[in-house]
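Chain and residue survey
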Amino acid sequence: MVDSAEGGCLVAHPDFSQINTWVFDLDNTLYNPEHSFEHEQIELYVNYLARKGDTEPKVVRKRLEELSKTHFDPMARYVQLGYPFDINEWVQEAISVDYSRLPKCDRTAELIEKLPGKKYIFTNHLAQHAERVLQQLHLDHLFDGISDNVSRDYINKPESKVYTDLVQEFNFEPTKAVFVEDSPENLQPAFTMGMKTVLVHRTDIHEAEFIEHQYPTLLEFLEDVA
Ligand SMILES: [Mg+2]
(Lines give C-alpha, C1' and ligand atoms only; values in the text may rest on other atoms or scores of the structure.)
Protein backbone atom coordinates (compact mmCIF):
# COMPACT_ATOMS: atom_id res chain seq x y z
CA MET A 1 0.00 0.00 0.00
CA VAL A 2 1.36 3.37 -0.96
CA ASP A 3 2.00 6.09 1.54
CA SER A 4 -0.74 8.51 0.57
CA ALA A 5 -4.36 9.32 1.25
CA GLU A 6 -5.21 8.51 -2.38
CA GLY A 7 -3.84 5.05 -1.87
CA GLY A 8 -6.29 4.52 0.97
CA CYS A 9 -3.75 4.88 3.76
CA LEU A 10 -2.75 7.97 5.69
CA VAL A 11 0.53 6.44 6.76
CA ALA A 12 2.87 3.79 5.46
CA HIS A 13 1.94 0.11 5.55
CA PRO A 14 1.01 -0.46 9.18
CA ASP A 15 3.03 -2.74 11.38
CA PHE A 16 0.55 -4.67 13.46
CA SER A 17 2.90 -7.56 14.20
CA GLN A 18 2.64 -6.99 17.97
CA ILE A 19 -1.14 -6.90 17.96
CA ASN A 20 -3.04 -9.68 19.72
CA THR A 21 -6.46 -8.02 20.18
CA TRP A 22 -8.74 -6.66 17.45
CA VAL A 23 -11.67 -4.50 18.54
CA PHE A 24 -14.34 -3.54 16.02
CA ASP A 25 -17.21 -1.12 16.17
CA LEU A 26 -20.33 -2.72 14.67
CA ASP A 27 -22.64 -0.40 12.72
CA ASN A 28 -21.26 1.23 9.59
CA THR A 29 -17.89 -0.39 10.35
CA LEU A 30 -18.51 -4.08 9.65
CA TYR A 31 -20.76 -3.13 6.73
CA ASN A 32 -20.93 -0.20 4.36
CA PRO A 33 -22.87 2.84 5.71
CA GLU A 34 -25.11 2.76 2.62
CA HIS A 35 -26.91 -0.11 4.41
CA SER A 36 -27.21 1.85 7.67
CA PHE A 37 -30.05 1.06 10.08
CA GLU A 38 -29.61 4.36 11.91
CA HIS A 39 -32.45 6.44 10.45
CA GLU A 40 -34.93 3.57 10.60
CA GLN A 41 -34.05 2.59 14.17
CA ILE A 42 -34.20 6.19 15.43
CA GLU A 43 -37.75 6.40 14.03
CA LEU A 44 -38.65 3.10 15.74
CA TYR A 45 -37.10 4.38 18.99
CA VAL A 46 -38.97 7.69 18.94
CA ASN A 47 -42.29 5.97 18.17
CA TYR A 48 -41.70 3.33 20.84
CA LEU A 49 -40.83 5.95 23.51
CA ALA A 50 -43.89 7.99 22.57
CA ARG A 51 -46.22 4.98 22.88
CA LYS A 52 -44.57 3.87 26.12
CA GLY A 53 -44.71 7.36 27.63
CA ASP A 54 -48.24 7.94 26.34
CA THR A 55 -47.20 11.02 24.42
CA GLU A 56 -46.64 12.21 20.84
CA PRO A 57 -43.51 11.39 18.82
CA LYS A 58 -42.94 15.13 18.40
CA VAL A 59 -42.68 15.50 22.20
CA VAL A 60 -40.04 12.76 22.34
CA ARG A 61 -38.18 14.34 19.41
CA LYS A 62 -38.16 17.70 21.18
CA ARG A 63 -36.78 16.14 24.36
CA LEU A 64 -34.09 14.32 22.39
CA GLU A 65 -33.22 17.55 20.59
CA GLU A 66 -32.81 19.34 23.91
CA LEU A 67 -30.67 16.53 25.33
CA SER A 68 -28.46 16.57 22.24
CA LYS A 69 -27.32 20.10 23.22
CA THR A 70 -25.75 18.84 26.42
CA HIS A 71 -25.17 15.12 25.85
CA PHE A 72 -23.26 13.34 23.16
CA ASP A 73 -25.73 10.46 23.17
CA PRO A 74 -29.25 11.87 23.74
CA MET A 75 -30.95 8.51 23.17
CA ALA A 76 -29.03 6.83 25.97
CA ARG A 77 -29.48 9.88 28.21
CA TYR A 78 -33.25 9.73 27.68
CA VAL A 79 -33.34 6.27 29.28
CA GLN A 80 -30.98 7.32 32.08
CA LEU A 81 -33.39 10.13 33.01
CA GLY A 82 -36.07 7.57 33.83
CA TYR A 83 -38.66 8.18 31.10
CA PRO A 84 -40.89 5.08 30.63
CA PHE A 85 -38.83 2.41 28.91
CA ASP A 86 -38.64 -1.37 28.93
CA ILE A 87 -35.49 -2.86 27.49
CA ASN A 88 -37.14 -6.13 26.45
CA GLU A 89 -39.85 -4.29 24.54
CA TRP A 90 -37.30 -2.03 22.88
CA VAL A 91 -35.12 -4.96 21.83
CA GLN A 92 -38.07 -6.46 19.95
CA GLU A 93 -38.73 -3.11 18.22
CA ALA A 94 -35.08 -2.53 17.37
CA ILE A 95 -34.54 -5.93 15.78
CA SER A 96 -37.69 -5.71 13.68
CA VAL A 97 -35.66 -4.10 10.88
CA ASP A 98 -34.83 -6.06 7.74
CA TYR A 99 -31.32 -7.45 8.21
CA SER A 100 -31.33 -9.15 4.81
CA ARG A 101 -30.20 -5.83 3.31
CA LEU A 102 -26.66 -6.55 4.51
CA PRO A 103 -24.55 -8.27 1.87
CA LYS A 104 -22.17 -10.88 3.21
CA CYS A 105 -18.57 -10.79 2.04
CA ASP A 106 -16.64 -14.07 2.10
CA ARG A 107 -13.29 -12.30 1.76
CA THR A 108 -14.02 -10.07 4.81
CA ALA A 109 -14.91 -13.15 6.87
CA GLU A 110 -11.79 -14.97 5.69
CA LEU A 111 -9.51 -12.05 6.60
CA ILE A 112 -11.10 -11.42 10.01
CA GLU A 113 -10.73 -15.11 10.79
CA LYS A 114 -7.02 -14.91 9.96
CA LEU A 115 -6.30 -11.98 12.33
CA PRO A 116 -4.06 -13.36 15.06
CA GLY A 117 -5.52 -13.12 18.55
CA LYS A 118 -8.85 -12.23 20.11
CA LYS A 119 -11.58 -10.27 18.35
CA TYR A 120 -14.31 -8.24 20.02
CA ILE A 121 -17.31 -6.10 19.07
CA PHE A 122 -17.51 -2.76 20.90
CA THR A 123 -20.87 -1.19 20.07
CA ASN A 124 -23.18 1.52 21.38
CA HIS A 125 -26.08 -0.62 20.19
CA LEU A 126 -27.81 -3.70 21.64
CA ALA A 127 -26.16 -7.13 21.77
CA GLN A 128 -29.24 -8.64 20.10
CA HIS A 129 -28.87 -6.22 17.19
CA ALA A 130 -25.15 -7.01 16.99
CA GLU A 131 -25.87 -10.74 16.91
CA ARG A 132 -28.29 -10.34 14.00
CA VAL A 133 -25.88 -8.16 12.06
CA LEU A 134 -23.09 -10.67 12.59
CA GLN A 135 -25.33 -13.59 11.60
CA GLN A 136 -26.43 -11.85 8.42
CA LEU A 137 -22.81 -11.03 7.52
CA HIS A 138 -21.77 -14.62 8.35
CA LEU A 139 -19.27 -13.26 10.89
CA ASP A 140 -21.00 -14.54 14.03
CA HIS A 141 -18.53 -17.37 14.66
CA LEU A 142 -15.49 -15.07 14.52
CA PHE A 143 -15.80 -12.92 17.65
CA ASP A 144 -14.84 -13.70 21.23
CA GLY A 145 -17.19 -11.22 22.88
CA ILE A 146 -19.56 -8.28 22.50
CA SER A 147 -19.61 -5.14 24.65
CA ASP A 148 -23.02 -3.49 24.15
CA ASN A 149 -24.65 -0.46 25.74
CA VAL A 150 -27.07 -2.40 27.95
CA SER A 151 -24.18 -4.29 29.59
CA ARG A 152 -22.62 -0.86 30.27
CA ASP A 153 -25.77 0.66 31.86
CA TYR A 154 -26.34 2.73 28.69
CA ILE A 155 -23.01 4.48 28.99
CA ASN A 156 -21.58 4.82 25.52
CA LYS A 157 -18.45 5.52 23.53
CA PRO A 158 -16.73 7.97 23.60
CA GLU A 159 -16.98 8.16 27.42
CA SER A 160 -13.56 7.06 28.63
CA LYS A 161 -15.01 4.82 31.36
CA VAL A 162 -16.40 2.35 28.84
CA TYR A 163 -12.94 1.90 27.29
CA THR A 164 -11.31 1.09 30.62
CA ASP A 165 -14.22 -1.25 31.40
CA LEU A 166 -13.75 -2.92 28.01
CA VAL A 167 -10.07 -3.57 28.67
CA GLN A 168 -10.89 -4.95 32.10
CA GLU A 169 -13.80 -7.12 30.91
CA PHE A 170 -11.88 -8.74 28.07
CA ASN A 171 -8.54 -8.57 29.88
CA PHE A 172 -6.24 -7.30 27.14
CA GLU A 173 -3.24 -5.01 26.90
CA PRO A 174 -4.32 -1.76 25.14
CA THR A 175 -0.91 -1.24 23.53
CA LYS A 176 -1.33 -4.60 21.78
CA ALA A 177 -4.82 -3.81 20.53
CA VAL A 178 -6.33 -2.18 17.45
CA PHE A 179 -9.66 -0.39 17.40
CA VAL A 180 -11.53 -0.03 14.09
CA GLU A 181 -14.34 2.56 13.88
CA ASP A 182 -16.33 4.74 11.49
CA SER A 183 -16.88 7.52 14.09
CA PRO A 184 -13.67 9.53 14.51
CA GLU A 185 -14.55 10.82 17.98
CA ASN A 186 -14.76 7.26 19.30
CA LEU A 187 -11.11 6.68 18.45
CA GLN A 188 -9.73 9.37 20.76
CA PRO A 189 -10.08 7.55 24.12
CA ALA A 190 -8.72 4.36 22.54
CA PHE A 191 -5.67 6.24 21.28
CA THR A 192 -5.14 7.84 24.69
CA MET A 193 -5.02 4.35 26.21
CA GLY A 194 -2.38 3.26 23.71
CA MET A 195 -4.54 1.32 21.27
CA LYS A 196 -3.80 1.62 17.57
CA THR A 197 -6.65 3.43 15.84
CA VAL A 198 -8.18 2.83 12.41
CA LEU A 199 -10.94 4.87 10.79
CA VAL A 200 -12.94 3.22 7.99
CA HIS A 201 -15.86 4.00 5.68
CA ARG A 202 -15.44 7.77 5.75
CA THR A 203 -15.36 9.61 2.46
CA ASP A 204 -13.88 12.65 4.21
CA ILE A 205 -10.27 12.47 5.29
CA HIS A 206 -9.74 13.06 8.99
CA GLU A 207 -6.40 14.34 10.13
CA ALA A 208 -5.96 14.08 13.86
CA GLU A 209 -3.23 12.67 16.05
CA PHE A 210 -5.64 10.07 17.41
CA ILE A 211 -6.49 8.73 13.94
CA GLU A 212 -3.43 6.69 13.03
CA HIS A 213 -4.77 4.94 9.94
CA GLN A 214 -7.65 5.60 7.61
CA TYR A 215 -9.08 3.32 4.91
CA PRO A 216 -11.99 3.84 2.52
CA THR A 217 -13.39 0.42 3.46
CA LEU A 218 -13.00 -2.26 6.10
CA LEU A 219 -11.94 -4.72 3.43
CA GLU A 220 -9.05 -2.50 2.35
CA PHE A 221 -7.84 -2.34 5.94
CA LEU A 222 -8.08 -6.12 6.30
CA GLU A 223 -6.26 -6.70 3.01
CA ASP A 224 -3.50 -4.35 4.16
CA VAL A 225 -2.85 -6.15 7.44
CA ALA A 226 -3.26 -9.66 6.01
MG1 LIG B 1 -20.38 2.89 13.89
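Observations concerning the confidence of the model for the chain
Counting all residues, the mean pLDDT for the chain is 92, and 94% of those residues have values of 70 or more. This stretch, residues 1–8, has a pLDDT under 50; its non-local contacts, to residues over four places away or in other chains, come to 14 contacts.

A word on the domain arrangement of the chain
Here the chain is partitioned into domain 1 (21–33 + 102–225) and domain 2 (38–94). For domain 1 versus domain 2, the distance between C-alpha centres works out to 25 Å. Each side of the interface is counted separately: domain 1 has 10 residues, and domain 2 has 9 residues. Of the residues that constitute the side of domain 1 that touches domain 2, the class distribution is 4 nonpolar, 5 polar and 1 charged.

A closer look at the pairing of strand 5 (residues 196–200)
Where a strand is regular, its side chains alternate between the two sheet faces. Strand 5 sits mainly inside the fold: 5 of its 5 residues count as buried. What you see with strand 5 is no split at all: Lys196, Val198 and Val200 on one side and Thr197 and Leu199 on the other are buried throughout. As judged from the 4 bridges shared by strand 4 (residues 177–181) and strand 5, these two strands associate in the parallel manner. Paired with Val180 across the two strands is Val198, which belongs to strand 5. Read from strand 4 through helix 8 (residues 187–192) to strand 5, the crossover connection turns out right-handed.

Focus on the environment of Pro189
Relative to the helices and strands, Pro189 resides in helix 8. In this structure Pro189 comes out as buried when scored by C-beta crowding, with 21 C-beta atoms within 10 Å. Through-space distance from the C-alpha of Pro189 to that of Thr164 is 9.2 Å; in sequence the pair is 25 residues apart. Ignoring anything within four residues of it in the chain, the contact list for Pro189 reads Pro158, Ser160 and Tyr163.

Rules used in this analysis
- Residues numbered from 1 in each chain as written.
- Predicted model: local features only at pLDDT ≥ 70, side-chain atom pairs only at ≥ 80, totals over all residues.
- pLDDT = per-residue confidence, 0-100.
- Contact = placed C-beta atoms within 7 Å.
- Domains from an automatic or database assignment.
- Nonpolar A, V, L, I, M, F, W, Y, C, P; charged D, E, K, R; others polar.
- Buried ≥ 20, exposed ≤ 12 C-beta atoms within 10 Å, placed from the backbone.
- Helix = DSSP H or I, 4+ residues; strand = E, 2+ residues; numbered from the N terminus.
- Pairing = 2+ DSSP bridges.
- Right-handed = clockwise from strand over helix to strand, strands pointing away.

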